[in-house]
Amino acid sequence: MKHLFACLLTLFVLSASAQSFQWADHIDGYADITNVESIDVDIKGNTYFTGYSIYTSSPESTTITTSFATASFVCGGQEYGFIGSIADDGSLNWFVPFVGMPADESHGYDVEVDYPHKCVYVCGHYTGRVDFDPTVAVEYPSGFIGNEDGFLAKYTLAGGLVWVIRIGGNYWSYLNDLAHDDEGNVFTVGVFNGTVDFDPGFFVHSETSVGDINNHDGFIAKYAPNSSFMWVSVISPVSPPFR
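A quick note: this is a predicted structure, and the numbers were derived from the prediction, not measured. (Residues numbered from 1 in each chain as written. Predicted model: local features only at pLDDT ≥ 70, side-chain atom pairs only at ≥ 80, totals over all residues. Heavy atoms only, no water.)

### Description of the overall build of the protein chain
Argument step 1. Of regular secondary structure, the protein chain possesses zero helices and 20 strands.
Argument step 2. Taking as baseline every contact in the protein chain between residues at least 6 positions apart, the subset at least 24 positions apart corresponds to 53%.
Argument step 3. Put simply, the protein chain shows about 11400 Å² of open surface, and 57% of that area lies on carbon and sulfur atoms. (Helix = DSSP H or I, 4+ residues; strand = E, 2+ residues; numbered from the N terminus. Contact = heavy atoms within 4.5 Å. Areas by Shrake-Rupley, 256 points an atom, 1.4 Å probe, with all protein chains shown as cover.)

Right, here's the structure in full:
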């Protein structure tokens, strides 16, 4: 028997004496597993979320049931990530699946809204050729060569893709968490194995993990609002621990 897992996004209002339920939205479809990994909220009460769905058979669509309507989205790939936004009243603002071919994969792990700069960031990892652009245009992060590469993407508050970059190398790299500062710079942390180029531009800034392919190092990286590489600090289990 097929076991179906789904996710709920639920909002409660807290007061000194009670917890008042407001809405719950259901993300489901034909997936065997759907995980919402991270959420953030802007000053207008809009919720932004990211995660991924996993299929054991051919994918068909993902369905989001909100407080007001149900919307379906055709998605490619047997493991695909997504980013979306829900309004303060629980209605769906927009939803963007990271679309690939059946053998491709993508996972969204963290989302961070920067309301003063009218944008939202998402990070995660992917394999193969994955399209992060919700329009008819196609936008693949350039240079995929590893087993699994990290990605960092910037969207408008309306769900339009601003840019997406690859952080990867000859083995694998994951981006797990995000933060931003008042100037709109974005920081990301994760782990990597092998040699990874952290500069998405014309230049190369490579770091190599210590040990064999079974070991990995951590990193903290900073990027400008236009996706330009600023710096990376690698955290290694051997001396020196930072480099």
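### Regarding the confidence of the model for the protein chain
Low-confidence regions, as indicated by low pLDDT, have predicted coordinates that should not be scrutinised in detail.
Argument step 1. Per-residue pLDDT for the protein chain averages 79, and the proportion of residues at 70 or more is 68%.
Argument step 2. Low pLDDT (under 50) marks residues 10-17, which in the prediction has 15 contacts with non-local residues, meaning those over four places away or in another chain. (pLDDT = per-residue confidence, 0-100.)

### With respect to the packing of aromatic side chains
Argument step 1. Taken as a whole, this structure holds 19 aromatic pairs when the rule is applied.
Argument step 2. Geometrically, the ring pair formed by Tyr 121 and Trp 163 is tilted, given 6.1 Å between the ring centres and 50° between the ring planes. Here Tyr 121 is found in strand β11 (residues 119-127), whereas its partner Trp 163 is found in strand β14 (residues 161-169), with 42 residues between them in sequence. Per residue, the accessibility class of Tyr 121 equals that of Trp 163, and both read buried.
Argument step 3. A network of ring pairs unites the aromatic residues Phe 49, Tyr 80, Phe 82 and Phe 95 as a single cluster. (Phe/Tyr/Trp six-rings, centres within 6.5 Å; stacked < 30°, edge-to-face > 60°. Buried < 20%, exposed > 50% of the residue type's maximum accessible area, 1.4 Å probe, protein only.)

### Here we look at the sheet that holds strand β19 (residues 217-223)
Backbone hydrogen bonds hold the strands of a sheet together, and the pairing may be parallel or antiparallel.
Argument step 1. One open sheet accounts for four strands, arranged β15-β16-β19-β20; its pairing is antiparallel. Two strands lie at the open edges of the sheet, namely β15 (172-180) and β20 (229-235), each paired on one side alone. The sheet shows a mean angle of 20° between the axes of neighbouring strands, direction not considered.
Argument step 2. Note that strand β16 (residues 186-193) and β19 share seven bridges and pair antiparallel. Of the residues in β19, the one forming a bridge with Val 186 is Tyr 223. (Pairing = 2+ DSSP bridges. Axes fitted to C-alpha atoms, helices over the stretch in contact; angles between N-to-C directions.)

### Some points on the pattern of salt bridges
Argument step 1. Within this structure, the stated rule accounts for one salt bridge.
Argument step 2. Linking Asp 149 and Arg 166 is a salt bridge whose minimum nitrogen-to-oxygen distance equals 2.6 Å. A residue pair is termed long-range when its members are at least 10 positions apart, and Asp 149 in strand β13 (residues 149-156) and Arg 166 in strand β14 qualify at 17 residues. (Salt bridge = Lys/Arg side-chain N within 4 Å of Asp/Glu carboxyl O.)

### A look at the side chain of Asp 197
Argument step 1. In this fold, Asp 197 is placed in strand β17 (residues 195-197).
Argument step 2. Here Asp 197 sits buried without a salt bridge, and the closest side chain of opposite charge, Arg 166, lies 5.6 Å off (N-O distance).
Argument step 3. Here the side chain of Asp 197 touches Asp 199 through a polar contact of 3.0 Å, landing on its backbone nitrogen.
Argument step 4. From its side chain, Asp 197 meets the backbone nitrogen of His 205 in a polar contact 3.0 Å long.
Argument step 5. Apart from the residues lying within four places of it in its own chain, the contact partners of Asp 197 are Arg 166, Ile 167, Gly 168, Phe 203, Val 204, His 205 and Ser 206. (Lys, Arg positive; Asp, Glu negative; His and termini not counted. Polar contact = N/O pair within 3.5 Å; in protein donor to acceptor, adjacent residues only side chain to side chain.)

### Details of the pairing of β20
Argument step 1. When β19 meets β20, the two strands line up antiparallel, connected through six bridges. Within β20, the residue paired with Phe 219 across the bridge is Val 234.
Argument step 2. Count of turn residues in the β19/β20 antiparallel hairpin: five residues, of which Ser 227 carries a positive phi of about 85°.

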